[in-house]
Amino acid sequence: MPPISPEHEQQIIQVLRSCGQQAKQMAASPFEVFQKGPDDYVTSIDAALDRRLSTVFSELFPEDGIITEENPQSRQKFDAKYSRLWCIDPVDGTEDFIQGKSDYAVMVGLLQDYQPLAGWIGAPAYDRVYYGGLDWGLFQAIADQSPEPLAIIEPAPPTAGFCPIVIGNRDQANFGAAIAQLIPAAQFYSLGSFGLKVMEVIGGRAGLYLYFNRRVKVWDTAGPLALAKAAGLVCCDLQGHPLQLSPDVIHPDTLAHTQPIVIGWSHYVELLLPKLQEAVGETIESFPQFQ
């Protein structure tokens, strides 16, 4: 059963498409880039979309909590006992966006009692919005066409010649060699947005998505995890424990995940997780958590 009304469903699709087109138009002119932290950037476009999305969702869902990436004060709502929390990322994959690449997204996730319930991933460069959730299904809206069911494609099991794994460039630099020693068939690739990386797994183009450096925040993960769970993917840490978004495993100030993240098809996770544990399980603890 959908967690929102059909009217709200259409309104969210429309605002994500509109924000995506706004981002493309604003990027055609000079814009400002600021550094928030080590290798962590934000643009004046992020800030403008953040304000717009915050206003829209506050009007649509006045009883719910709203957390947005570019409004640090909104993070206080994470532990404010809201039953439902909307987590908004105005531009996911900011570095790709700054460089003029296509794989960035406008993302929204809905948590209920700290569980991913529904998510929306707008891909402006492709004029698509992927969305859905548990007990609802997965859908895509292409341009201004009516939404249609999204194909969930399970890839072939990993073999000596086929083992596609999505992993970010930083994680590949830190851990790729160790992983490749124990999983020689691993075929690594990456793209910008966390959400679009998850869509690679849902669409069967990869069997796993690995994220180890613990920079990722709840507004990056709430929506994509809802879609991953709806697709039947395993979402766990390196020990196989389910990923959590509750306050006891989320950094209280930054809302960053403290768990390494593994998202994938069950046959990939069952076969490769022990090797991943051996390859990076001890090393990963020596890397500081980005805050």
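Here, the structure is the one placed above.
Computed from a predicted model, the values in this text were never measured in an experiment.

Definitions and cut-offs
Residues numbered from 1 in each chain as written. Predicted model: local features only at pLDDT ≥ 70, side-chain atom pairs only at ≥ 80, totals over all residues. Heavy atoms only, no water. Axes fitted to C-alpha atoms, helices over the stretch in contact; angles between N-to-C directions. Helix = DSSP H or I, 4+ residues; strand = E, 2+ residues; numbered from the N terminus. Parallel < 35°, antiparallel > 145°, perpendicular 65-115°, else oblique. Left-handed = near helix turned anticlockwise from the far one by under 90°. Contact = heavy atoms within 4.5 Å. Nonpolar A, V, L, I, M, F, W, Y, C, P; charged D, E, K, R; others polar. Pairing = 2+ DSSP bridges. 1 Å grid on protein atoms, 1.4 Å probe; cavity = no way out; pocket = protein on both sides within 12 Å on 5 of 7 lines; lining within 4 Å. Points joined across faces, edges and corners; volume = space filled by probe spheres on them.

Draft legend 1. Examining the packing of helix α4 (residues 169–182) against helix α7 (residues 266–280) more closely. One way to put it is that α4 packs onto α7 with a least axis distance of 9 Å and a crossing angle of 130°. Comparing their axes, α7 and α4 come out oblique. Crossing hand, α4 versus α7: right-handed. Of the residues in α7, those touching α4 at Phe175, Ala178, Ile179 and Leu182 are Lys275, Leu276, Glu278, Ala279 and Val280. For the contact of α4 with α7, the per-class residue count stands at 7 nonpolar, no polar and 2 charged.

Draft legend 2. View of the sheet that holds strand β11 (residues 187–189). Strands sit in the order β11-β10-β12-β14-β13 across an open sheet of 5 strands; the sheet is mixed. The open sheet is flanked by β11 and β13 (234–236), the only strands paired with a single partner. Within the sheet, the average angular offset between the axes of one strand and its neighbour, ignoring direction, is 20°. Bridge count between strand β10 (residues 164–167) and strand β12 (residues 208–211): 3 bridges; the pairing is parallel. The residue bridging Ile167 from the neighbouring strand is Leu210, located in β12. Where α7 meets the sheet, its contacts fall on β10, β12, β13 and β14 (261–264), and the angle it forms with β12 comes to roughly 40°.

Draft legend 3. Quick peek at the layout of surface pockets. A volume near 230 Å³ is recorded for the second largest pocket. Secondary structure elements with two or more residues in the lining of the second largest pocket: β7 (128–133) and α5 (194–202). Considering every element that reaches the lining of the second largest pocket, the biggest residue donor is α5, with 4 residues. A class-by-class count of the residues in the lining of the second largest pocket yields 10 nonpolar, 2 polar and 4 charged.

Draft legend 4. Representation of the packing of α5 against helix α6 (residues 218–230). Put simply, α5 and α6 touch, their axes get as near as 9 Å, and they point 10° apart. The orientation of α5 relative to α6 falls into the category roughly parallel. Of the residues in α6, those touching α5 at Phe194, Gly195, Val198, Met199 and Ile202 are Asp220, Thr221, Pro224, Leu227 and Ala228. Across the contact of α5 with α6, the residue classes break down as 7 nonpolar, 2 polar and 1 charged.

Draft legend 5. Local environment of empty space enclosed by the protein. One pass over the structure, following the stated rule, counts 1 cavity of 30 Å³ or more. Reported here for the largest cavity is a volume of approximately 50 Å³. Around the largest cavity, the lining residues are Leu16, Arg17, Gly20, Gln21, Gly122, Ala123, Pro124, Asp127, Arg128 and Val129. Among the elements that line the lining of the largest cavity, the one with the most residues is helix α1 (residues 6–27), at 4 residues. Considered class by class, the residues forming the lining of the largest cavity number 4 nonpolar, 3 polar and 3 charged.

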